[in-house]
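Understanding the architecture of this molecule
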Amino acid sequence: MKEVLKRRRVEIAIIGVLLVILIAFAASFAFYRPTTNLSATIYKRDEILLELDLTKEEEERTFYLENIDGEMLIGVKKNAIAVLKCDCPHQDCVYQGYVTTANVPIICAHYAITIVLTSNDSETDVMVG
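Notes on the structure in this doc start here. The model shown is predicted, which means the values in this text are computed figures rather than measured ones.

Calculation criteria
Residues numbered from 1 in each chain as written. Predicted model: local features only at pLDDT ≥ 70, side-chain atom pairs only at ≥ 80, totals over all residues. Heavy atoms only, no water. Pairing = 2+ DSSP bridges. Helix = DSSP H or I, 4+ residues; strand = E, 2+ residues; numbered from the N terminus. Axes fitted to C-alpha atoms, helices over the stretch in contact; angles between N-to-C directions. Buried < 20%, exposed > 50% of the residue type's maximum accessible area, 1.4 Å probe, protein only. Phe/Tyr/Trp six-rings, centres within 6.5 Å; stacked < 30°, edge-to-face > 60°. Lys NZ or Arg CZ within 6 Å of the ring centre and 35° of its normal. Salt bridge = Lys/Arg side-chain N within 4 Å of Asp/Glu carboxyl O. Contact = heavy atoms within 4.5 Å. Polar contact = N/O pair within 3.5 Å; in protein donor to acceptor, adjacent residues only side chain to side chain.

Attention now moves to the sheet that holds strand β4 (residues 72-77). Sheets are built from strands paired through backbone hydrogen bonds, the pairs being either parallel or antiparallel. Ordered by their spatial adjacency, 3 strands build an open sheet running β3-β4-β5, and the pairing between neighbours is antiparallel. In the strand order of this sheet, the two ends are held by β3 (61-64) and β5 (80-86), each with one partner. Going from strand to strand, the sheet's axes swing by 25° on average, the running direction of each strand aside. Relative to β4, β3 runs antiparallel, the two being bridged by 4 bridges. Looking at β4, one finds that R61 is bridged to V76.

Taken in spatial order, the 4 strands make up an open sheet running β2-β1-β7-β6, and their pairing is antiparallel. Since the sheet does not close on itself, it has two edges, and those belong to β2 (47-53) and β6 (106-108), each with one partner. The average angle at which neighbouring strand axes cross in this sheet is 15°, direction not considered. Two elements, strand β1 (residues 38-44) and strand β7 (residues 113-119), share 7 bridges in a ladder whose sense is antiparallel. Residue pairing in the sheet places I42 in a bridge with I115 of β7.

What follows covers the pairing of β4. Of all 6 residues making up β4, 5 are buried, and the element is well covered by its neighbours. Looking at chain direction, β4 and β5 are connected through 6 bridges and run antiparallel. Note that in β5 the partner of M72 across the bridge is C86. The turn joining β4 and β5, which pair antiparallel and follow one another in sequence, is formed by 2 residues; a positive phi near 55° is taken by N79.

Our focus in this paragraph is the packing of aromatic side chains. If you walk through the whole model with that rule in mind, you get 0 aromatic pairs. It is K77 that lies over the ring of Y98; its NZ or CZ is 4.2 Å from the centre.

This next bit is on the pattern of salt bridges. With the rule as written, the count across this model stands at 5 salt bridges. A salt bridge links E57 to R61; the nearest nitrogen and oxygen atoms lie 2.8 Å apart. Judged by its relative accessible area of 10%, E57 falls in the buried class. Assessed through its relative accessible area of 34%, R61 is described here as partly exposed. Here E58 and K78 are joined by a salt bridge, their closest N and O atoms 4.0 Å apart. Placement of E58 in the loop between β2 and β3 and of K78 in the loop between β4 and β5 is noted, with a sequence separation of 20 residues between them. For K78, a relative accessible area of 45% gives the class partly exposed.

The next thing to look at is the environment of D87. For D87, the position within the fold is in the loop between β5 and α3 (92-95). For D87, a relative accessible area of 44% puts it in the partly exposed group. A C-alpha to C-alpha distance of 5.8 Å links D87 and E71, two positions 16 residues apart in sequence. The contacts of D87, once residues within four sequence positions are left out, are G70, E71 and Y111. Within polar-contact distance, the side chain of D87 engages the side chain of Y111 at 2.5 Å.

Set out below in structure tokens:
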């Protein structure tokens with residue numbers, strides 16, 4: 001038995017590491033809860049282009065973001081924001097869909113646009129950096 005364990009050390013170590021990763025991943029979903037009372041700040045590099053209080057959005061609406069050297073359609077609804085359409089080449093910002101948590105930014109590297117969500121909840125501390 002000891003001989004088998006010695007020969008299989010690497011396999012046992014890999015399975016152990018994968019098991020720890022799986023447990024951590026499952027725990028992150030167990031403690032996930034959607035954030036309410038969100039605000040969104042849209043930056044172009046370090047400059048604030050727009051600030052929105054997403055808690056006040058009663059109906060879904062869209063608007064085009066101005067002054068970005070291209071075309072970007074933003075969609076907002078209560079406690080959620082998304083880039084619905086953009087003429088950037090990779091479309092990562094569009095594929096992300098609606099974001100509803102304070103710790104998930106939307107980034108369009110092509111136009112240097114970052115949409116940062118922050119929570120207005122007193123019990124939630126969010127660090128952006």
